[in-house]
Amino acid sequence: MSENNLVISIDAMGGDHSPMVVIEGLSLAQKRNPDIRFLVYGDETKINQEMDKFPALREVCQIFHTEEFVHNEDKPSHVIRNRATSMYQAVEAVKKGEAQAVVSAGNTGALMAISKMVLKTIHKIHRPAIISMMPRQNGRYVMLDLGANTECNGINLAEFAIMGNIFAKHALGLESPRVALMNIGAEEMKGKEEIHNAAHIIKNSNLNLNFIGYIEPHEIPKDKADVVVADGFSGNIALKSVEGTTHLILRIIKQSVKESFLAKLGIPFMLGAMRKLKKTMDPRLYNGAMFVGLNGLSVKSHGGTDAFGFSIAIENAARLIRKDFVGTIRRELENIDLDELSQEACYEVY
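My aim in this report is to walk through the structure given alongside it, one point at a time. These figures come from a predicted structure and were not determined experimentally. (Residues numbered from 1 in each chain as written. Predicted model: local features only at pLDDT ≥ 70, side-chain atom pairs only at ≥ 80, totals over all residues. Heavy atoms only, no water.)

Let's talk about the nonpolar core
One broad trend across soluble globular proteins is that nonpolar side chains are buried collectively. Membership of the largest hydrophobic core comes to 69 residues, with the highest contact counts inside it found for I8, L26 and F38. Among the elements that line this core, the one with the most residues is helix 6 (residues 154–171), at ten residues. Counting residues in hydrophobic clusters, the runner-up holds 36 residues, among them V7, A90, V94 and M182. (Core = buried A, V, L, I, M, F, W, Y, C linked by side-chain atoms within 4.5 Å. Buried < 20%, exposed > 50% of the residue type's maximum accessible area, 1.4 Å probe, protein only. Helix = DSSP H or I, 4+ residues; strand = E, 2+ residues; numbered from the N terminus.)

Laid out in structure tokens, this is it:
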């Protein structure tokens, strides 16, 4: 493979409909991004059966057969000891410098555990987090953590705010992103202690963040904040609530049109608005969350996505490679005194 190409390693066995969806997703992504090449890990027989449907894909793929793969029910403590899985070998390719990013639709906990163990956490960062872009009233916003850390302390949340701020600057092109902590109320006394601690640390440290305080879940789509910070448990629930509501709205609209003769007559006049709504709210367009805070690019695709959604995850990985995002995070963190966070955390918060 040419040195001028982007190389992405793929866990072909991760996800609900692998390797079918994965291979078709590779074909879609490669057509739109001819400079991408793939290292594909998984069951060679099954991969070849799917790849026969896309002959041109073989020219940009190198297949590595693995006998084992990570199951959805596998515990992270188990998968990190098994180096023979497609997921482990795909992540290891990034560590070895053979690929510039890894994409998997497999078990989230397993991918995080393997990525953290193999790629290691960036110096100064205690925990990596899952970060992604989401749609809102005007454009997009960034949210983290989306499920990597179910329990977090104030320092973890403050570090997430730092990494989310850097991500938003480069992914959204914002000079001074508005950063907020997700909470059950805007009042200072509401919410859990770790959220109060995080707010105290951010306010009293020289982090140069545009911190606007707390944000309630219903305010998130209203263009109030550019970076929304939460622990992984709350963030994952918020993410899935948004996805479920989006599907519900689209289903209700579709069903209402079917049941109304007048609505059917108005379809030609509504097509433009409906296309805009679908383009804005389609969760596939935001597929591909990044594990931020690692010494390597690891991207998690939704396990139940289709081929188009998986292709978007690949393109998101490629976009971050082109921007040298991991290197950017590392360089910007060098200019931040994270030890100051620990010092601030020692003070009592009232």
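Quick word on the packing of helix 6 against helix 12 (residues 325–334)
One can describe the packing of helix 6 onto helix 12 by two numbers: an axis separation of 11 Å at closest approach and a directional angle of 130°. Of the possible angle classes, the one that applies to helix 6 and helix 12 is oblique. Of the two possible hands of crossing, helix 6 and helix 12 adopt the one that is right-handed. In contact with I162, M163, I166, F167 and H170 of helix 6, helix 12 contributes F325, T328, I329, E332 and L333. Split into classes, the residues belonging to the contact of helix 6 with helix 12 amount to seven nonpolar, two polar and one charged. (Axes fitted to C-alpha atoms, helices over the stretch in contact; angles between N-to-C directions. Parallel < 35°, antiparallel > 145°, perpendicular 65-115°, else oblique. Left-handed = near helix turned anticlockwise from the far one by under 90°. Contact = heavy atoms within 4.5 Å. Nonpolar A, V, L, I, M, F, W, Y, C, P; charged D, E, K, R; others polar.)

Details of empty space enclosed by the protein
With the rule as written, the count across this model stands at one cavity of 30 Å³ or more. Its boundaries defined by the atoms lining it, the largest cavity holds a volume of some 40 Å³. If you go around the largest cavity, the residues you meet are G14, G15, D16, H17, S18, V21, V22, A105, G303, T305 and F310. When its residues are assigned to classes, the lining of the largest cavity shows four nonpolar, six polar and one charged. (1 Å grid on protein atoms, 1.4 Å probe; cavity = no way out; pocket = protein on both sides within 12 Å on 5 of 7 lines; lining within 4 Å. Points joined across faces, edges and corners; volume = space filled by probe spheres on them.)

A closer look at the pairing of strand 1 (residues 6–11)
Along any regular strand the residues' side chains alternate between the sheet's two faces. Most of strand 1 sits out of view: six of its six residues are buried. Burial along strand 1 is two-sided: L6, I8 and I10 and V7, S9 and D11, pointing in opposite directions, are all buried. Inspection of the sheet shows strand 1 paired to strand 2 (residues 36–42) by six bridges, in the parallel sense. Following the sheet pairing, V7 is matched in strand 2 by R37. Crossover handedness for the path strand 1 to helix 1 (residues 20–32) to strand 2: right-handed. Across four bridges, strand 1 lies against strand 4 (residues 101–104) in parallel orientation. Paired with D11 across the bridge in strand 4 is S104. (Pairing = 2+ DSSP bridges. Right-handed = clockwise from strand over helix to strand, strands pointing away.)

Section: the packing of aromatic side chains
Following the criterion strictly, the structure yields two aromatic pairs and no others. Relative to F64, the ring of Y41 has its centre 4.8 Å away and its plane inclined at 15°; by these criteria the two rings are stacked. One end of the pair, Y41, is in strand 2; the other, F64, is in strand 3 (residues 61–65), with 23 residues separating them in the sequence. Residues F167 and F325 carry aromatic rings whose centres are separated by 5.1 Å and whose planes lie at 80° to one another, so their mutual orientation is edge-to-face. (Phe/Tyr/Trp six-rings, centres within 6.5 Å; stacked < 30°, edge-to-face > 60°.)

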